[in-house]
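Each chain is listed here by its residues.
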Amino acid sequence: MNLNLSIPALLFPAISLTMLAYNARYLAIAALIRELHKRYQDNSSSPVKKQINQLRKRLGIIKAMQAMAIVSFLLAVITMFLIYIERIFLANIVFGASLIASMISLTLSFIEVQLSTRALEIQLNDMDD
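Residues numbered from 1 in each chain as written. Predicted model: local features only at pLDDT ≥ 70, side-chain atom pairs only at ≥ 80, totals over all residues. Heavy atoms only, no water.

Caption draft 1: Examining the overall build of the protein chain more closely. Looking only at helices and strands, the protein chain has 4 helices and 0 strands in total. Listed N to C, the secondary structure of the protein chain is α-α-α-α in terms of helices and strands. At 19 Å, the protein chain has a C-alpha radius of gyration far larger than the 14 Å of a compact globule built from 129 residues. When its C-alpha atoms are laid out on the principal axes, the protein chain stretches across 65 × 20 × 20 Å. Burial statistics for the protein chain: of 129 residues in total, 29% are counted as buried. Partitioning the contacts of the protein chain with sequence separation of at least 6, the portion at a separation of at least 24 is 78%. Carbon together with sulfur atoms contributes 65% to the accessible area of the protein chain, which is approximately 8300 Å² in total. (Helix = DSSP H or I, 4+ residues; strand = E, 2+ residues; numbered from the N terminus. Rg over C-alpha atoms; globule rule 2.2 N^0.38 Å. Buried < 20%, exposed > 50% of the residue type's maximum accessible area, 1.4 Å probe, protein only. Contact = heavy atoms within 4.5 Å. Areas by Shrake-Rupley, 256 points an atom, 1.4 Å probe, with all protein chains shown as cover.)

And the structure:
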């Protein structure tokens with residue numbers, strides 16, 4: 001495959017949109033944590049504790065998702081620089097690493113969505129009681 005400047009440049013909009021989505025998730029979780037903190041101070045019930053534990057896990061995953069998206073973006077930029085200075089072999093390796101970082105980020109996103117669903121189930125089960 002001939003790697004040229006346009007190939008890693010194709011990742012820019014995708015990575016940027018992914019990072020925006022991750023940031024939106026982070027902000028939503030931050031708001032939820034603040035709300036749960038208030039509820040926990042008023043009533044330290046078991047469902048609230050379970051939700052807090054789930055949120056801790058989700059925050060860790062979102063942090064890793066964001067880090068891998070940033071690494072992917074940075075490696076795509078480095079790839080473009082390597083192509084610019086005509087270091088094609090190294091550019092191919094770095095671009096491959098960029099794609100792997102992006103795949104890891106998306107996999108973590110999938111895991112976070114699963115945890116999010118479990119957290120909603122905890123809340124729904126609390127309403128059933």
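Caption draft 2: How the structure looks around helix H2 (residues 11–42). The terminal C-alpha atoms of H2, which comprises 32 residues, lie 46 Å apart, in line with the 46 Å expected from a rise of 1.5 Å per residue. Looking at H2, one finds that the buried residues are Leu11, Ile15, Tyr22, Ile29, Ala30 and Leu36. (Expected span 1.5 Å × (residues − 1).)

Caption draft 3: A look at a nonpolar patch on the surface. Judged by side-chain polarity, Leu5, Phe81, Tyr84 and Ile85 come together as a nonpolar surface patch covering roughly 430 Å² of accessible area. When you line up the elements, Leu5 lands in the segment before helix H1 (6–9). On the basis of relative accessibility, which here comes to 39%, the residue Leu5 falls in the partly exposed class. (Patch = residues over 30% accessible without salt bridge, like charges linked within 9 Å, V, L, I, M, F, W, Y side chains within 5 Å. Salt bridge = Lys/Arg side-chain N within 4 Å of Asp/Glu carboxyl O.)

Caption draft 4: Looking closely at the pattern of salt bridges. Taken as a whole, this structure holds 2 salt bridges when the rule is applied. Residue Arg58 pairs with Glu112 through a salt bridge whose shortest N-O separation is 2.7 Å. Taken as a pair, Arg58 in helix H3 (residues 46–84) and Glu112 in helix H4 (residues 88–128) lie far apart in primary sequence, 54 residues in all. Neither residue differs from the other here; Arg58 and Glu112 are each classed as buried. Residues participating in the shared-partner salt-bridge network are Arg25, Arg58 and Glu112.

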